[in-house]
Amino acid sequence: MPATTNELVANAKAIAKKLSAPAAVVGAFALGAALFVGHGRVQAAAMPLDDNSVSALTALDHAMEAVASKVTPAVVNVAVTARGNNEEEADGGEGGQLQQLPPGLRQFFGPLMPQGQQPDQQPLEHGIGSGIIISPDGYIVTNNHVVNGATQIKVTLNDRRVFNAKVIGTDKLTDLAVIKINATNLPTIAWGDSTKLEPGQTVLAFGSPFGYFQFSVTRGIISAVNRPNPYSDDARKPGGYIQTDAAINPGNSGGPLVDARGELVGINTFIISNSGSFAGAGFAIPAQMVRTTAEQLMKNGKIEHGYLGININDVTPANAQFFNLKDASGAIVAQVSPDSPASRGGLKQGDVVTEVNGQKVTNGGALQVAISEMNPGAALKLGVIRDGQPVSLNLTVGQYHAKGEEASNDSPTGQQKGKIGLAVADLNDQARQQLNVPESIKGVVVQQVRPGSPADDAGIQPGDVVVEVNRKPAASASQFMSAVRATAAGKDLLLLVWSRGNASYRTVHTDPDLAQNGDDNQ
């Protein structure tokens, strides 16, 4: 063990030793009949273990064993060979399977090892993931990042048979993929209902941790549901993740998360960890989304996601007051794309979506999942709160097409501190061109953000464009500063911020100590 680990163990033993002595003495007086003296020390007689004493534990063990034996035959190991790209990898580009993954996924996709190649050749990379059989004729669900760019896929079944697999379809948006092996009469897993999951429920995670320990199973609980995607590189990617403390490690990608009935409730996808190994927070794609995606991939080989053309935020206790809401639930429309299904259906910036086809919307993630699962052309009825009043809108779902808008963060440097820690300037033609800001966006460009300031805490960065202050336009720097100064000391501000092609509402908690300074910048 490392020195720090030895130190912790030693300290733990020392503490335990100090605490055990007085406890034994007290116990000697209270339970004299159960203690005896031997060789100058007091010892407690061992309590016998009978069936009644351990019946609850053995019953739990038997239940978990039954679930594991039911699920394990349908779990597979997925070994992938892919070609990297030396030049693009050196440049930090998109070449190479490992380099394409977000930070939380790079460490999660098992060992990914370049093989020795000549300098002018693309290196071979090998990776290990997991998967689950969903049909007797060989269809398997795994993660897109497991098979992305694969030149060869080999699937090992629980009975140790090995098959070549082909990719049926992938979906980068949900990070799901379906592959197929040429086999029949295979064991499969039953679909569960992830919409009924509650924190505290028991779950089991299956897979091949670290790529070597095939067909492992770990036990835990549902820690939370409907978590957003912390590594999303596209605001349109749906969240809705299941968080669990069932141990998930590199190599578990694509493996199943099952409930107490042995039914599939999620596909293990990533972890959040400083060490690269499990630290108590694993995340799975809910079966609700997995099933819809897998069925479309099996049928068509591709996915047509529903699309409205909006950017959204969660309603929170901090921002609910700005939208005249009675409770902190719903999804705030922060941006509506021109000529999108949302704009054609009458949805407006600042609307709060509370219902989709009669079903309550608790937050932005729930709305994203609901829309992404709908087919293009489907009718959609939205319940909306607009300026405190309920509105019903009828829309037609459009088809999602990925876009790659990005904006540079290069900008001039401001000089002064202010009430919320922002230095801003008018959005002139030069700044608009430099930051690739569309003509439809009107506001002020952020030049500098003071570290540790209220603006910094709200995630505002140089190069962002502030469009509104407290639901009112901020078309110029002077208009922005007047709105900020008019806000009472210690009173929250709601800013509509355009950043890297997407708009979102940010609640800024103002700094009372800087509220009365005379700086021109805020």
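Residue numbering note: each chain is counted from 1, following its sequence as written. At least 70 in pLDDT is required for a residue's local features to be given in this predicted model, at least 80 for side-chain atom pairs to be given and counted, and no such filter applies to totals for whole chains, interfaces and linings, which use all residues. Hydrogens are left out, water is left out, and the side-chain values use all remaining heavy atoms of the structure.

1. Overview of the overall build of the protein
And step 1. Each helix is a run of H or I in the DSSP string that is no shorter than four residues. Each strand is a run of E no shorter than two, and both are numbered from the N terminus. Along the protein, the regular secondary structure elements total 11 helices and 29 strands.
And step 2. Every accessible area reported is derived by Shrake-Rupley at a probe size of 1.4 Å, with residue values counting cover from the shown protein chains alone. For the protein, the exposed area adds up to about 25700 Å²; of that, 50% sits on carbon and sulfur atoms.

2. A closer look at the pairing of strand E7 (residues 150–156)
And step 1. Pairs of strands are assigned from DSSP output, requiring at least two bridges between the strands. Taken together, the 4 bridges between E7 and strand E8 (residues 162–171) define a ladder with antiparallel strand orientation. When the bridges of E8 are listed, Val-155 appears paired with Phe-163.
And step 2. Connecting E7 to the antiparallel partner E8 that follows it, the hairpin turn spans 5 residues, and Arg-160 within it adopts a positive phi of roughly 75°.

3. Notes on the packing of aromatic side chains
Ring pairs (aromatic) are described by centroid distance and by the angle formed between their planes.
And step 1. The rule is short: rings of Phe, Tyr and Trp, with Trp giving its six-membered ring, pair when the centres are within 6.5 Å, and they are stacked under 30 degrees, edge-to-face over 60, tilted in between. In this structure the tally under the stated criterion is 3 aromatic pairs.
And step 2. Between Phe-270 and Phe-283, the aromatic rings sit 4.9 Å apart at their centres with planes inclined by 15°, giving stacked as the arrangement. Here Phe-270, found in strand E14 (residues 264–271), pairs with Phe-283, found in strand E15 (residues 282–286); they are 13 residues apart in sequence, far enough to count as distant.
And step 3. When a residue's accessible area, from a 1.4 Å probe over protein chains only, is under 20% of the maximum for its type it is buried; when over 50% it is exposed; and in between it is partly exposed. Residue classification places Phe-270 among the buried positions, given a relative accessible area of 2%.

4. Describing helix H11 (residues 477–485)
And step 1. What H11 keeps buried is the set Ala-477, Phe-480, Met-481 and Val-484. The buried side chains of H11 occupy one side of the element, clustering within an arc of 95° when seen end-on.
And step 2. Note on contacts: a residue pair is in contact if any heavy atoms of the two residues lie within 4.5 Å. Contact partners of the buried residues in H11: strand E24 (422–426), strand E25 (444–449), strand E26 (465–469) and strand E28 (493–499).
And step 3. Definition of a polar contact: a pair of N or O atoms within 3.5 Å, with one able to donate and the other able to accept a hydrogen when the atoms are protein atoms, and with sequence-neighbouring residues admitted only if both atoms are side-chain atoms. A distance of 3.2 Å separates the backbone nitrogen of Gln-479 from a side-chain oxygen at the start of H11, and that oxygen is part of Ser-476. Working note: the arc is built from the helix axis to C-beta atom directions.

5. So, unusual backbone geometry
And step 1. Even without a glycine there, the phi angle at Arg-160 is positive, about 75°.
And step 2. Structurally, Arg-160 is set in the loop between E7 and E8.
And step 3. A residue is classified by how much of its surface remains accessible, and Arg-160, at 55% relative accessible area, is exposed.
And step 4. Of note, the phi angle at Asp-339 is positive, near 55°, even though the residue is not glycine.

6. Things to note about the confidence of the model for the protein
And step 1. A residue's pLDDT is the confidence the predictor assigns to it, expressed on a 0 to 100 scale. When pLDDT is averaged along the protein, the result is 78; 76% of the residues meet or exceed 70.
And step 2. Of all helices and strands in the protein, the one with the weakest mean pLDDT is helix H3 (residues 86–90) (35), whereas strand E6 (residues 139–142) scores best (97).
And step 3. For the stretch residues 85–121, pLDDT sits under 50, and the model shows 93 contacts to residues farther than four places along the chain or on other chains.
And step 4. Confidence over residues 513–520 falls short of pLDDT 50; this stretch has 16 contacts with residues more than four positions distant or in other chains.

7. Thoughts on helix H6 (residues 287–300)
And step 1. Here a helix's expected span is defined as the number of its residues, less one, multiplied by 1.5 Å. With 14 residues, H6 should cover 20 Å at 1.5 Å per step; its first-to-last C-alpha distance of 19 Å lies within 8% of that length.
And step 2. Ala-287, Met-289, Val-290, Thr-293, Ala-294, Gln-296 and Leu-297 are the residues of H6 that are buried.
And step 3. Against the buried residues of H6 lie E6, E8, strand E9 (176–181), E14, E15 and helix H8 (364–372).
And step 4. Within two residues after H6, Gly-301 carries a phi angle of roughly 80°, on the positive side.

8. Examining the nonpolar core
And step 1. Formed by 49 residues in total, the largest nonpolar core has its most connected members in Ile-132, Val-141, Val-155 and Ile-181.
And step 2. Contacts of Val-155, omitting those with residues within four sequence positions, involve Val-76, Asn-77, Ile-140, Arg-161, Val-162, Phe-163, Ala-165, Ile-179 and Ile-181.
And step 3. By nonpolar core we mean a set of buried residues, namely Ala, Val, Leu, Ile, Met, Phe, Trp, Tyr and Cys, connected to one another through side-chain atoms within 4.5 Å. Of all hydrophobic cores here, the second largest spans 23 residues; its members include Val-315, Ala-320, Ala-334 and Val-467.

9. Considering the pattern of salt bridges
And step 1. When a carboxyl oxygen of Asp or Glu is within 4 Å of a side-chain nitrogen of Lys or Arg, the pair counts as a salt bridge. If you walk through the whole model with that rule in mind, you get 5 salt bridges.
And step 2. Residue Arg-344 pairs with Asp-339 through a salt bridge whose shortest N-O separation is 3.1 Å.
And step 3. Classification of Asp-339 as exposed rests on a relative accessible area of 65%.

10. Here we look at the sheet that holds E14
And step 1. Taken in spatial order, the 6 strands line up as E10-E11-E12-E15-E14-E13 and close into a barrel, and their pairing is antiparallel. Adjacent strand axes in the sheet meet at a mean angle of 45°, parallel and antiparallel pairs treated alike.
And step 2. To obtain an axis, a line is fitted to C-alpha atoms, over the contacting stretch when the element is a helix, and the angle between two such axes runs from 0 to 180 degrees between their N-to-C directions. Helix-sheet contacts for H6 involve E14 and E15, and the interaxial angle to E15 is about 50°.

11. A few points about the side chain of Ser-329
And step 1. Among the secondary structure elements, Ser-329 is positioned in the loop between strand E17 (310–314) and strand E18 (331–336).
And step 2. Of the polar contacts made by the side chain of Ser-329, one reaches the side chain of Asp-327; its length is 2.7 Å.
And step 3. Non-local contacts of Ser-329, meaning those with residues more than four positions away in its chain, are made with Val-315, Val-352, Lys-360, Val-361 and Thr-362.

12. Points about the side chain of His-305
And step 1. Within the secondary structure, His-305 is located in the loop between H6 and strand E16 (306–307).
And step 2. Here the side chain of His-305 touches Asp-171 through a polar contact of 2.7 Å, side chain to side chain.
And step 3. Residues within four places of His-305 in sequence aside, it is in contact with Asp-171, Leu-173, Thr-174, Ser-372, Met-374, Pro-376, Gly-398, Gln-399 and Tyr-400.

13. Quick notes on a nonpolar patch on the surface
And step 1. Surface patches are defined over residues having more than 30% relative accessible area and no salt bridge, joining like charges when they lie within 9 Å and nonpolar side chains (Val, Leu, Ile, Met, Phe, Trp, Tyr) when within 5 Å. Side chains of Phe-210, Tyr-212 and Phe-213 sit close together on the surface and give an oily, nonpolar patch of about 360 Å² of accessible area.
And step 2. Relative to the assigned elements, Phe-213 resides in the loop between strand E10 (202–207) and strand E11 (216–227).
And step 3. Take Phe-213: its relative accessible area is 52%, and that puts it in the exposed class.

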